[in-house]
Amino acid sequence: MKQLHLGSLAGAKIIVLPVAFLAALLLWILFSAIAFAALHMSLGLAVIVGLVAMLLHWLSEVVHHLGHAIAAKRTGYPMQSIVLGGIQGYLALSSYPADEPKLPDSLHIRRAVGGPIASLLFTLIFGVCVLLVPKPFWWVAILLFIENLIFTVQLFIPLGKLLDNDGNTLYRWLRGRGKTEVA
């Protein structure tokens, strides 16, 4: 199966790798099993709640990377694509042109901060949902609140070689601060 192109958002192509479909199925099964076994929902309701949780996970991924895409477009150095299934199948990646010139750290920071800002917005939305949604979907709101909170705060937590995240970009900028930037 070849990668699937779903159009574009903010100038970035949306690409779904085949592994994302397997990851989506596994997440659906996992979330459904949690709803059934741990939260004592009926099997039918657990399957529906699991599906909603899985779809909202992918929406959160797209929103985070859409934040990067919007920020990148505003710098004049746009993203090339958002790749769903790019990290172990379960997460997305922001892809930039391979021939992109060396950019000043300040532009990298502006692009890196866009994703966590979008995730912060989703964190707030799911925080309100925790207070408002009915019980069967309450734990989904908590799950997505926590996931988006992690996507937000990871800006301040460099993961080094484990994963090249937004925190690594900020860390590299802070380490190189005071050096001459490329014009």
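Note that the coordinates shown come from a computational prediction; the quantities given were computed from them, not determined experimentally. (Residues numbered from 1 in each chain as written. Predicted model: local features only at pLDDT ≥ 70, side-chain atom pairs only at ≥ 80, totals over all residues. Heavy atoms only, no water.)

**Topic: the overall build of the protein**
A tally of helices and strands in the protein yields 5 helices and 4 strands. Principal-axis analysis of the C-alpha atoms gives the protein an extent of 60 × 40 × 30 Å. When each of the 183 residues of the protein is scored for burial, the buried share is 39%. Counting contacts in the protein only where the partners sit at least 6 residues apart, residues at least 24 apart contribute 60% of the total. Of the roughly 10,400 Å² of accessible surface on the protein, 72% is carried by carbon and sulfur atoms. Between the averaged position of the 13 positive side-chain charges in the protein and that of its 8 negative side-chain charges there is a distance of 1 Å. (Helix = DSSP H or I, 4+ residues; strand = E, 2+ residues; numbered from the N terminus. Buried < 20%, exposed > 50% of the residue type's maximum accessible area, 1.4 Å probe, protein only. Contact = heavy atoms within 4.5 Å. Areas by Shrake-Rupley, 256 points an atom, 1.4 Å probe, with all protein chains shown as cover. Lys, Arg positive; Asp, Glu negative; His and termini not counted. Charge placed at Lys NZ, Arg CZ, Asp CG, Glu CD.)

**Digging into a nonpolar patch on the surface**
A contiguous nonpolar patch, built from Leu149, Val153, Phe156, Ile157, Leu159 and Leu162 and spanning about 570 Å² of accessible area, is present on the exposed surface. Topologically, Leu159 is positioned in the loop between helix H4 (135-153) and helix H5 (166-176). (Patch = residues over 30% accessible without salt bridge, like charges linked within 9 Å, V, L, I, M, F, W, Y side chains within 5 Å. Salt bridge = Lys/Arg side-chain N within 4 Å of Asp/Glu carboxyl O.)

**Concerning the sheet that holds strand S2 (residues 12-16)**
A sheet is described by the order of its strands in space; here 4 strands give the open sequence S1-S2-S3-S4, paired in mixed fashion. Edge strands, defined here as strands with exactly one partner in the open sheet, are strand S1 (4-9) and strand S4 (91-95). For this sheet the average axis-to-axis angle between neighbouring strands, irrespective of direction, equals 30°. Taken together, the 4 bridges between S1 and S2 define a ladder with antiparallel strand orientation. By the bridge assignment for S2, His5 is matched with Ile15. (Pairing = 2+ DSSP bridges. Axes fitted to C-alpha atoms, helices over the stretch in contact; angles between N-to-C directions.)

**Describing the packing of aromatic side chains**
Evaluated as defined, the whole model comprises 2 aromatic pairs. Seen from their ring centres, Phe31 and Trp139 are 6.3 Å apart, and the 70° between their planes marks the pair as edge-to-face. Taken together, the residues span a long stretch of sequence, with Phe31 in helix H1 (residues 18-38) and Trp139 in helix H4 at a distance of 108 residues. Residue class for Trp139 comes out buried when judged on its relative accessible area of 12%. (Phe/Tyr/Trp six-rings, centres within 6.5 Å; stacked < 30°, edge-to-face > 60°.)

**A few points about the pattern of salt bridges**
Summed over all chains, the structure comprises 1 salt bridge. With a shortest N-O distance of 2.9 Å, Arg111 and Glu100 are connected by a salt bridge. You can see Arg111 sitting in helix H3 (residues 105-132) and its partner Glu100 sitting in the loop between S4 and H3, a full 11 residues away along the chain.

**A short note on the layout of surface pockets**
Over the atoms, a rolling probe the size of a water molecule traces out where space has been left empty. In this structure, the largest pocket encloses a volume near 700 Å³. If you trace the largest pocket, you find 27 residues lining it, with His68, Gln154, Asp164, Asn165 and Asp166 closest to the centre. Among the elements of the structure, helix H2 (43-75), S4, H3, H4 and H5 are those that each provide at least two residues to the lining of the largest pocket. The greatest single-element share of the lining of the largest pocket, amounting to 5 residues, is contributed by H3. Residue composition of the lining of the largest pocket, grouped by class: 13 nonpolar, 8 polar and 6 charged. (1 Å grid on protein atoms, 1.4 Å probe; cavity = no way out; pocket = protein on both sides within 12 Å on 5 of 7 lines; lining within 4 Å. Points joined across faces, edges and corners; volume = space filled by probe spheres on them. Nonpolar A, V, L, I, M, F, W, Y, C, P; charged D, E, K, R; others polar.)

**Some details on the confidence of the model for the protein**
The predicted model of the protein averages 89 in pLDDT, with 96% of residues at 70 or higher. Predicted confidence is poor over residues 178-183, with pLDDT under 50, and the contacts of this stretch with residues over four places away or in other chains come to 6 contacts. (pLDDT = per-residue confidence, 0-100.)

**Things to note about the side chain of His57**
With respect to the secondary-structure elements, His57 resides in helix H2. Judged by relative accessible area, His57 falls into the buried class, the value being 6%. Not counting residues within four places of it along the chain, the set of residues in contact with His57 comprises Leu27, Tyr90, Leu91, Leu144 and Glu147.

**Describing the packing of H3 against H4**
Any two packed helices are characterised by how steeply their axes cross, that is the angle between the axes, and by the distance between the axes. For the pair H3 and H4, interaxial distance at closest approach is 8 Å and the crossing angle is 155°. Classed by the angle they form, the pair H3 and H4 counts as roughly antiparallel. The element H3 and its partner H4 pack so that their crossing is left-handed. On the side of H3, the interface is formed by Pro116, Ser119, Leu120, Phe122, Thr123, Phe126, Gly127, Cys129 and Val130, while H4 contributes Trp138, Ala141, Ile142, Leu144, Phe145, Asn148, Leu149, Phe151 and Thr152. (Parallel < 35°, antiparallel > 145°, perpendicular 65-115°, else oblique. Left-handed = near helix turned anticlockwise from the far one by under 90°.)

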